[in-house]
Amino acid sequence: MTATAIPHPLTTRRNELPTWWRNAVVYQIYPRSFADANGDGVGDVAGIRGRLNYLAALGIDAIWISPWFPSPMKDAGYDVSNYRDIEPVFGTLGEADAMIAEAHALGIKVIIDIVPNHTSDQHIFFIEALAAEPGTPARDRYIFRPGRGTEGELPPNDWQSTFGGPAWTRTTHPDGTPGEWYLHLFTPEQPDVNWDNADIKAEFETTLRFWFDRGVDGFRIDVAHGLVKDSNLPDLDGIEFPFAEGTPDEINHPHWDQPGIHDIFRSWRTIADQYSPARAFCGEVWVGRAHRLAAYLRADELHTAFNFDFLMAPWLPATLRTVIDATRSTHAAVGAPPTWVLGNHDVCRPVSRYARDQHDSKPMDRLLSHFRGRPADFEVGLRRARAAALLMLALPGSAYIYEGEELGLPEVEDLPAEAMQDPVFFQTHGTDPGRDGCRVPPPWTDRPESNFGFSAEPTAAPWLPQPADWGRYAASVQEGRDGSTLELYRAALAIRAAHPGLGEGEFTWLETGPDVLAFARGDGLECWTNFGTAAVPLPAHTKVLLSSGPLTTDGWLPADATVWLQA
Ligand code: NOJ
């Protein structure tokens, strides 16, 4: 398994297709944590630019950059105070332009994040809204309501913030007396906007055009299922979301997956289609019912959405097979390509999830709070994460890799309380450790004395502390080392770009025992994964293209391993 020094020619060709998003491998960059070029301990745009060659050599088709806009950073950038500029800590618009141009020259598409459910409380719209009287146009851009109770002292309804605590905060008049309440489904510094308001629609359409005009190839849409609220703002009365499959369509949650959302995405699609090549969307859509997810992926709405069912599935063959089948049929019904994802900046890293007892986890378990403290075998976790990566990259559709996954990074589970940054930790009064453990800057080198190569300034302290043994996962250590996780990813992506059977296309399950999942793709490619505890024999083949770990001396597939065969 050797490194490819430049992007594979087919990658470039595929990226030139207008439908590049149908089978792209997208690498997620969390800008605070990726690479720090100006030496302040926080990653930045110039840092991303400086690592584009690494990404080209990895062989990905596109990068998705989590929010890089001006932000007070109450939720690490998902609290945007200006959608059409770059956060000064991250750099300048000029640096973003240069980075986009250079990525394009390397054959890499650039997707950025848009956060349309809420703004920062420091956005000019919210500053104006707070300064305005109740009932004014400035207040209509958000969701303000009088409180309940004799003095308005109770929140307008019982909605809860996703991060813990009530979803309403009461305002204070200039004379100190209490006023209306405003809605925030996340932190109080992230007020939800009112999507019935024309200024809000215009603000986001202008933002889409602003970045499309600068060459951005697409957007990942934050909380895409949350934009529209039931205007009566009814109490939840304990109703649980997502709804079970089979729940009638007339039943809607008051603030998730409201039917009115689709009009917004239809108008966004019209804008994306005005560009050449057409720009693409990937929605963060958390909804239970499969046909409701498919509704977002109709031909005149979003191009793709994250497959959280796959991400949340435990390392169990029957569960994964069910998820793969359901994903394929749901997406086929609307002609959208499936996507596959194992991790992101919100969930416990796959190595650490898979290190735990898999029979123990419920479908929604994806957070560190669930796994922390449970017995773990990280060698097993890494073996499974590598096997899962090959399984994912062999499936039809597009795939997402979260930065550091290609290094086999585990979750950092022992960050001290004083290092914590995530509002989840604070809003739950420390009962939930939050998401900082998957956001620790990755090790580029094995030198702890210089922040493992994260920052151009060796003495800079990274915004989250790195573990003392981080160097064993360093990119510099894994580069060129046969069998390393980095080289496994490089080899997999090079094969994926070159093999006509991979990406979108044919898919057929092969008959196996209960501990194995195997499927054939086009042009003789077969993918076999062993979930059992004993090695299994492989079928006749002409070549082993790649395996996530060494085969046994008899050429059998060991436990927790995936192999790609040329049949
Ligand atoms: C989803 C994002 O992925 C997460 O990081 C953020 O906290 C929430 N949306 C709120 O914007």
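Residues numbered from 1 in each chain as written. Predicted model: local features only at pLDDT ≥ 70, side-chain atom pairs only at ≥ 80, totals over all residues. Heavy atoms only, no water.

**Student:** Hey, could you go over the site of the ligand for me, with residue numbers and the actual values?
**Tutor:** The local shell around the ligand holds 14 residues, among which D75, D222, H345, D346 and R435 are the closest. A distance of 3.0 Å separates an oxygen atom of the ligand from a polar atom in the side chain of H118. Between the ligand and R435 there is a distance of 3.0 Å, counted from an oxygen atom to a side-chain nitrogen or oxygen. Compared with its free state, where it exposes 300 Å², the ligand has 97% of that area covered by protein. Considering only residue class, the shell around the ligand consists of four nonpolar, three polar and seven charged. (Near = heavy atom within 4 Å. Polar contact = N/O pair within 3.5 Å; in protein donor to acceptor, adjacent residues only side chain to side chain. Areas by Shrake-Rupley, 256 points an atom, 1.4 Å probe, with all protein chains shown as cover. Nonpolar A, V, L, I, M, F, W, Y, C, P; charged D, E, K, R; others polar.)

**Student:** Account for the sheet that holds strand 9 (residues 304–305), naming residues and giving values.
**Tutor:** On the basis of which strands lie adjacent, the open sheet formed by eight strands has the order 9-8-7-3-2-1-11-10 and parallel pairing. Only two strands of the sheet have a single partner each, and these edge strands are strand 9 and strand 10 (339–341). Alignment of strand 7 (residues 218–221) against strand 8 (residues 280–283), held across four bridges, turns out to be parallel. Paired with F219 across the strands is F281, a residue of strand 8. The sheet contacts of helix 8 (residues 261–273) involve strand 3 (109–114), strand 7 and strand 8, and relative to strand 8 the element is tilted by about 150 degrees. Where helix 14 (residues 378–394) meets the sheet, its contacts fall on strand 1 (25–29), strand 10 and strand 11 (398–402), and the angle it forms with strand 11 comes to roughly 150 degrees. (Pairing = 2+ DSSP bridges. Helix = DSSP H or I, 4+ residues; strand = E, 2+ residues; numbered from the N terminus. Contact = heavy atoms within 4.5 Å. Axes fitted to C-alpha atoms, helices over the stretch in contact; angles between N-to-C directions.)

**Student:** Could you give me a rundown of the pattern of salt bridges, with the residues and numbers involved?
**Tutor:** Inspection of every chain in the model, using the stated rule, returns 29 salt bridges. In this structure, D249 engages R292 in a salt bridge whose closest nitrogen and oxygen atoms are separated by 3.0 Å. You can see D249 sitting in the loop between strand 7 and helix 8 and its partner R292 sitting in helix 9 (residues 290–296), a full 43 residues away along the chain. For R490, the salt bridge identified is with E487, shortest N-O distance 3.3 Å. One end of the pair is R490 and the other is E487, both in helix 17 (residues 485–498) and three residues apart, which spans about a single turn. Accessibility classification places R490 together with E487 in one group, the buried group. Each of D75, D346, D422, R435 and R439 takes part in a single network of salt bridges with overlapping partners. (Salt bridge = Lys/Arg side-chain N within 4 Å of Asp/Glu carboxyl O. Buried < 20%, exposed > 50% of the residue type's maximum accessible area, 1.4 Å probe, protein only.)

**Student:** Can you explain unusual backbone geometry? Please cite residues and give values.
**Tutor:** For the bond running from F241 to P242, omega is -5 degrees, close enough to zero to count as cis. Position of P242 among the secondary structure elements: in the loop between strand 7 and helix 8. Here the bond from S276 into P277 is cis, since omega is -5 degrees, no more than 30 degrees from zero. Looking at the element boundaries, P277 is found in the loop between helix 8 and strand 8. Positive phi values are uncommon outside glycine, yet M73 reaches one of about 60 degrees. Mapped onto the fold, M73 is located in the loop between strand 2 (62–65) and helix 4 (93–105). In this structure M73 comes out as partly exposed when scored by relative accessible area, which is 21%. Of note in this structure, H429 is not a glycine but carries a positive phi near 55 degrees. With respect to the helices and strands, H429 occurs in the loop between helix 15 (423–427) and helix 16 (475–478).

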